[in-house]
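# A look at the structure
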Amino acid sequence: MAKPKTFFVCNECGTESPQWFGKCPGCGTYNSLEEQISIQSSVDVPTRGGVGSWQSTPNNGKSHAKPAKARSSLTFDQITDRQIARWESGYEELDRVLGGGVVPGSMVLIGGDPGIGKSTLLLQVSNQLAQKYRILYVTGEESGQQVKLRASRLGVSKSVNLVNEEKVKVVDTTVVVDATLPIDPDSIGADLYVLPETDLEEILREIDSLKPNVAVIDSIQTVFFPALTSAPGSVAQVRECTAALMKVAKHEDVTMLIVGHVTKEGAIAGPKVLEHLVDTVLYFEGDRFASHRLLRTVKNRFGATHEIGIFEMVADGLREVSNPSELFLGNRDDPAPGTAIVVACEGTRPIVVELQALVSPTSYPSPRRAGTGVDYNRLVQILAVLEKRVGIPMSKLDSYVASAGGLNVEEPAVDLGIAIAIVASFRDRIVDPGTVLIGEVGLGGQVRSVSQMELRLKEAAKLGFKRAIVPKGTKFPDLNIEILPVSKVIDAIIAAIPHQELTADDLEPDEDD
C-alpha cells in the first residue's frame, strides 16, 4: 500500500499546494488552506458508463463501464433545433427569477443562510411540480419521517413516497410498490418521492431507476463520493459530486435543484467552480427579524440576472408577494419629516421604496454616518455634495438613512431620494407624499439620468403617485403623472419640499424669551 500523500486545498478557489500557507497563492484568501490526504494507489479515477455507474474501481479490478465512443464535432446548421418549453413551478416569483420558468435539464443552485427557508421553498415547489411531473427529493440532512412532518405542516396534500434501497413505500398508506416495475409516467406523474441518502452512487442509481423529471439535492455539502478520502463538504467532494450530477442533468435531461450552504461571509461554501458548473445561481436572502424573503438571481444562462422574487414567511410556509411595492411603502396618509419615495429597479422589476432619514447635531468630534439598505459609500458622497453645493453643514450633523422593510437599494437611481430625505429631515419638512424621486446625483450637484425610466414611471403611476421629479433631458412616456424635470439638486429640493407658510403659533415668542 502506498504512503498517503498530504496536500493542502483552498476552500475558496480550490488551489492545491504541497505545503500550508497562511495566504492562498491562488486567490489571496487568508486561512483558507485545509489539509487533505489521498492514497494514490487505492482507487482509480471514477469511470462512468451510464447514469448510475459512477463507482470506484480498484487497481486490480475490472471496470464495468462501457467503452467510450468517439464524438464528432457539429456546426450550428447540423445541430437539430428543438423547442424547449419551460415548466411552470407553481410560483410566479420563482418563475420570474428563473427567466420565465424551469428549463428542463438545467442545474439550479440555491444558497442562503441557515433557517432562511431554502428547504421549505424547494419542498413547496416540489409539491407543485409533482402535479404534472415525477419528482425525487434527496435529503441528506433529514430523515424521511422528518421530511413528511415538515410537509404536513406546509400543507402538502399529495402522498410523500419514501424511497428505500430496494422498494418504494407510500408513507401514509400500507401499499408497497416494487420500484423495479415499469412506471407509467401518466399515472404516477403526480408523485413526490423522498430519498434520505448521502452516498452519490446510491443517489445516481435511484435517478437511473426512477427516471424523475426533477431531482432536488438538499444539500450538496452532505453528498459524498466513496472513492475520495476527503470528508463530505470538502472542496474535492463538492467539486466531484457537482460534476457527476451535472453530467446526469445534461445527458438524461433531468432538472437539478441543488441547495448550497453559505459561509459566514455570505458566499456559497465550497470551491468557486461550483457556481461555474451550474446554469443558475440563486441567493435566498432576508432578515431573521422580518417576515419577507428575497430570492435573488446572481447568474442565469437562460434569463436576466439580478432579478428578485419576494416571498413572505407565514405559519404554513412561504407565500409569494405579488405587489412588493406595498410591502416597502410606509403609511402615505400620515407622512413624517425626512421621508422620500423612490422607484428602484431589481433586474426588470420596479419596486417603490420609502427612504427615511434622520439628521441631528453631533456630540462627537467626527459625526456619525449610518445606512441600512443603502450603499454607505454613496451616502457619504451625497452628504459631501449637500454640504458643498447646497450649503448644509453636514460635517456638524449625525446622519442616518434607512430603507423601509430593510430592502437593499444600492443603485444610483435612488441618490436623489436620499438627498431629498436628508434635506427634509434637516429642515424638518414633509415631502409631498404623492411625489416620487428618480435620479443619480453627481459630484457637481447635477441630477443625472438613469436607465429604465419608463418602467419606473409606469410603476409609480400604477400606485397612484401624482408627480415625479426626474432628471432633465430624458424622454418621458405619456402617463397619468406630472413630470418635473430638474438639472440640479437644489432645483429638486425646491420642487420636492413645498413652501410652508408661517402660522400664528410660529410667530408667538417662546416662553423662555
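Here the structure is shown first, and the text comes after it.
Residues numbered from 1 in each chain as written. Predicted model: local features only at pLDDT ≥ 70, side-chain atom pairs only at ≥ 80, totals over all residues. Heavy atoms only, no water.

## Observations concerning the side chain of His-292
Here His-292 shows up in strand E13 (residues 292-300). Excluding its chain neighbours within four sequence positions, the residues that come into contact with His-292 are Gly-286, Phe-311, Glu-312, Leu-327, Phe-328 and Gly-405. (Helix = DSSP H or I, 4+ residues; strand = E, 2+ residues; numbered from the N terminus. Contact = heavy atoms within 4.5 Å.)

## Some remarks on the pairing of E13
Counting buried positions over the nine residues of E13 gives seven, a clear majority of the element. As paired strands, strand E12 (residues 280-285) and E13 are joined by six bridges and run antiparallel to one another. Bridge pairing in E13 links Thr-280 to Asn-300. Taken together, the five bridges between E13 and strand E14 (residues 308-314) define a ladder with antiparallel strand orientation. (Buried < 20%, exposed > 50% of the residue type's maximum accessible area, 1.4 Å probe, protein only. Pairing = 2+ DSSP bridges.)

## Re the sheet that holds strand E17 (residues 349-361)
Judged by pairing direction, the sheet is mixed, and its seven strands sit side by side in the order E18-E19-E17-E16-E20-E23-E24 without closing on themselves. In the strand order of this sheet, the two ends are held by strand E18 (369-372) and strand E24 (482-486), each with one partner. Strand-to-strand twist in this sheet, taken as the mean axis angle between neighbours without regard to direction, amounts to 30 degrees. Sheet analysis places strand E16 (residues 339-346) next to strand E20 (residues 435-437), joined by two bridges and oriented parallel. From the neighbouring strand, Val-342 faces E20, where its bridge partner is Leu-437. Its contacts with the sheet put helix H9 (residues 376-390) on E18 and strand E19 (397-403), and the angle it makes with E18 is roughly 130 degrees. (Axes fitted to C-alpha atoms, helices over the stretch in contact; angles between N-to-C directions.)

## Details of the packing of aromatic side chains
Within the structure shown, the criterion is met by three aromatic pairs. Between the aromatic rings of Trp-87 and Tyr-133, the centroid separation amounts to 4.3 Å while the plane-to-plane angle is 20 degrees, which identifies the pairing as stacked. Of the two residues, Trp-87 is situated in the loop between strand E3 (33-38) and helix H1 (92-97) and Tyr-133 in the loop between helix H2 (118-129) and strand E5 (135-139); the sequence distance between them amounts to 46 residues. The class for Trp-87 is buried, based on a relative accessible area of 12%. Pairing Phe-284 with Phe-311 gives two aromatic rings, centres 6.2 Å apart and planes at 75 degrees, and the pair type is edge-to-face. Separated by 27 residues along the polypeptide, Phe-284 in strand E12 and Phe-311 in strand E14 bring together distant segments of the chain. For Phe-284, a relative accessible area of 2% puts it in the buried group. A relative accessible area of 0% means that Phe-311 is categorised as buried. Three or more aromatic residues link up through ring pairs in this structure, and these residues are Tyr-91, Phe-284 and Phe-311. (Phe/Tyr/Trp six-rings, centres within 6.5 Å; stacked < 30°, edge-to-face > 60°.)

## Side note on a nonpolar patch on the surface
Taken together, the side chains of Leu-74, Phe-76 and Ile-79 define a hydrophobic patch exposed on the protein surface, amounting to about 370 Å² of accessible area. With respect to the element layout, Leu-74 can be found in the loop between E3 and H1. Overall, Leu-74 belongs to the exposed group, its relative accessible area being 52%. (Patch = residues over 30% accessible without salt bridge, like charges linked within 9 Å, V, L, I, M, F, W, Y side chains within 5 Å. Areas by Shrake-Rupley, 256 points an atom, 1.4 Å probe, with all protein chains shown as cover. Salt bridge = Lys/Arg side-chain N within 4 Å of Asp/Glu carboxyl O.)

## Here's the deal with the nonpolar core
Side chains that are nonpolar tend, in soluble globular proteins, to be buried together. Ranked by internal contacts, the top residues of the largest apolar core, which has 46 residues, are Ile-418 and Ile-422. Counting residues per element, the ones that place at least two in this core are E14, E16, E17, H9, E19, helix H10 (415-427), E24 and helix H12 (489-496). At eight residues, the largest contribution of residues to this core is made by H10. Not counting the four nearest positions on each side in its chain, Ile-418 is found in contact with Leu-355, Val-374, Leu-379, Ile-382 and Val-401. Among the nonpolar cores identified, the runner-up in size contains 34 residues, and Leu-136, Leu-204, Ile-217 and Ala-249 belong to it. (Core = buried A, V, L, I, M, F, W, Y, C linked by side-chain atoms within 4.5 Å.)

## Some thoughts on the side chain of Thr-339
Position of Thr-339 relative to the elements: it lies in strand E16. Residue Thr-339 is classed as buried on the basis of its relative accessible area of 15%. There is a polar contact of 2.9 Å between the side chain of Thr-339 and the backbone oxygen of Ala-336. (Polar contact = N/O pair within 3.5 Å; in protein donor to acceptor, adjacent residues only side chain to side chain.)

## Digging into H9
The first and last C-alpha atoms of H9 sit 20 Å apart over 15 residues, in line with the 21 Å expected at 1.5 Å per residue. Residues of H9 that are buried: Arg-378, Leu-379, Ile-382, Leu-383, Val-385 and Leu-386. Each buried residue of H9 lies within a common arc of 160 degrees when the element is viewed along its axis, so the set occupies one face. Facing away from the buried side of H9 by over 90 degrees, the exposed positions are Asn-377 and Lys-388. Residues of H9 that are buried make contact with E18, E19, H10, strand E21 (440-441) and H12. (Expected span 1.5 Å × (residues − 1). Arc of directions from axis to C-beta.)

## A few points about the pairing of E14
Here four bridges tie E14 to strand E15 (residues 317-320), and the two strands are oriented antiparallel to one another. Within E15, the position partnered with Met-313 by the bridge is Leu-318. Where E14 hands over to E15, the hairpin turn is made up of two residues, counted between the paired strands.

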